[in-house]
Amino acid sequence: MVLFELTNIDKAVKNGNREEKILNDVDLTLNEGELTALTGPSGSGKSTLLTIAACLQNKTNGSISFKGKKISEKNDGSIRKLRAEKFGFVFRHAHLVPFLTVGEQLALMLDTANVKLSKEDKNNKINKILQAVDMYKHKNSYPENLSGGERQRAAIARAIIHDPELLFADEPTASLDSKRSEEVMALIKRLSQDLGITVLMVTHDMDMLEYADRRIEMKDGQITKG
Ligand SMILES: Nc1ncnc2c1ncn2[C@@H]1O[C@H](COP(=O)(O)OP(=O)(O)O)[C@@H](O)[C@H]1O
Ligand SMILES: [Mg+2]
């Protein structure tokens, strides 16, 4: 089943007096539960497409639908609510809050995503997700005391603690060595399967493609394959 659909997406930016098209008539569908990998050369528009899909930046033209309903016609408040409650994000760097422990980062996310649970249930949920990403022993650690792979696992836990339906990941393994990359990728795949999360992931790394159910290639702001 199609969960998410982008149609005829254009993105133009001003470059001096000129308008430059960085996305040109892009269509993309994400099927429920699938892990879709987006590849292509640097500068081809992958991050732009991902951030537009995730409603983190505006498109110039086109429409975006989630579960058959047009997001693009919603007002800013409803888009923010949808993004906070239904979407999760992982980037190349973990972007953890330096003065919060791992457990506190997850608690903050539950509040941001408006999750209505008792304090005890929230704590149980945090423990469960930390066990799933093998970070329970670091619940009370601060980011500065974690390795790169541990930080990224904490960032993944934070990205899914609120049970999002869609996970957007932009080169989540790019700052890791190959062993840690494999671990993080296997983790994303397992969580996507176990929790039924649909994933759109940008990656440069050919070794990561074997984890994808579907592969889409971009070049010069257009989809060329997939
Ligand atoms: N806000 C912006 N203003 C101007 N140019 C941009 C902006 N965002 C992206 N670009 C340009 O658009 C192209 C695609 O960028 P990006 O989506 O980051 O590519 P990728 O993630 O595939 O490397 C690049 O040429 C980049 O320089
Ligand atoms: Mg990019």
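Report follows, based on the coordinates. Keep in mind it's a predicted model, so treat the numbers as computed, not measured. (Residues numbered from 1 in each chain as written. Chains lettered and ligands numbered in written order. Predicted model: local features only at pLDDT ≥ 70, side-chain atom pairs only at ≥ 80, totals over all residues. Heavy atoms only, no water.)

Observations regarding the nonpolar core
Generally speaking, nonpolar side chains in soluble globular proteins are found buried as a group. Leu167 and Ile188 are the most contacted members of the largest nonpolar core, which totals 39 residues. Breaking this core down by element, the ones donating at least two residues are strand 3 (35-39), helix 3 (102-112), helix 4 (119-132), helix 5 (148-160), strand 7 (166-170), helix 6 (178-195) and strand 8 (198-202). Considering each element in turn, this core owes the most residues, six residues, to helix 5. With residues up to four places along the chain from it excluded, the contact list for leucine 167 reads Gly88, Phe89, Val90, Ala159, Ile160, Ile188, Ile197, Thr198, Val199 and Leu200. Counting 27 residues, the second-largest nonpolar core is a separate cluster that includes Leu30, Ile79, Phe87 and Leu200. (Core = buried A, V, L, I, M, F, W, Y, C linked by side-chain atoms within 4.5 Å. Buried < 20%, exposed > 50% of the residue type's maximum accessible area, 1.4 Å probe, protein only. Helix = DSSP H or I, 4+ residues; strand = E, 2+ residues; numbered from the N terminus. Contact = heavy atoms within 4.5 Å.)

Thoughts on the site of ligand 1
In the vicinity of ligand 1, the residues found are Val13, Ile22, Pro41, Ser42, Gly43, Ser44, Gly45, Lys46, Ser47 and Thr48. With respect to ligand 1, the backbone of serine 44 contributes an N or O atom lying 3.2 Å from an oxygen atom. Taken by itself ligand 1 offers 570 Å² of open surface, and the protein chains cover 57% of this. Looking at which element gives the most residues to the shell around ligand 1, the answer is helix 1 (residues 46-53), with three residues. (Near = heavy atom within 4 Å. Polar contact = N/O pair within 3.5 Å; in protein donor to acceptor, adjacent residues only side chain to side chain. Areas by Shrake-Rupley, 256 points an atom, 1.4 Å probe, with all protein chains shown as cover.)

Some words on the sheet that holds strand 5 (residues 69-70)
With antiparallel pairing, the four strands of this open sheet are ordered in space as 2-1-4-5. Here the strands that pair on one side only, and so sit at the sheet edges, are strand 2 (18-31) and strand 5. Relative to strand 2, strand 1 (residues 2-15) runs antiparallel, the two sharing ten bridges. Across the sheet, lysine 14 pairs through a bridge with glutamate 19, a residue of strand 2. (Pairing = 2+ DSSP bridges.)

Examining the packing of aromatic side chains
Enumeration over the complete set of coordinates arrives at seven aromatic pairs. An angle of 70 degrees between the planes, with centres 6.1 Å apart, marks the rings of phenylalanine 4 and phenylalanine 168 as edge-to-face. Of the two residues, phenylalanine 4 sits in strand 1 while phenylalanine 168 sits in strand 7, which places them 164 residues apart along the sequence. For phenylalanine 168, a relative accessible area of 0% corresponds to the buried category. Here the aromatic rings of phenylalanine 89 and phenylalanine 168 are separated by 6.0 Å at their centres, their planes lie at 20 degrees, and the arrangement is stacked. (Phe/Tyr/Trp six-rings, centres within 6.5 Å; stacked < 30°, edge-to-face > 60°.)

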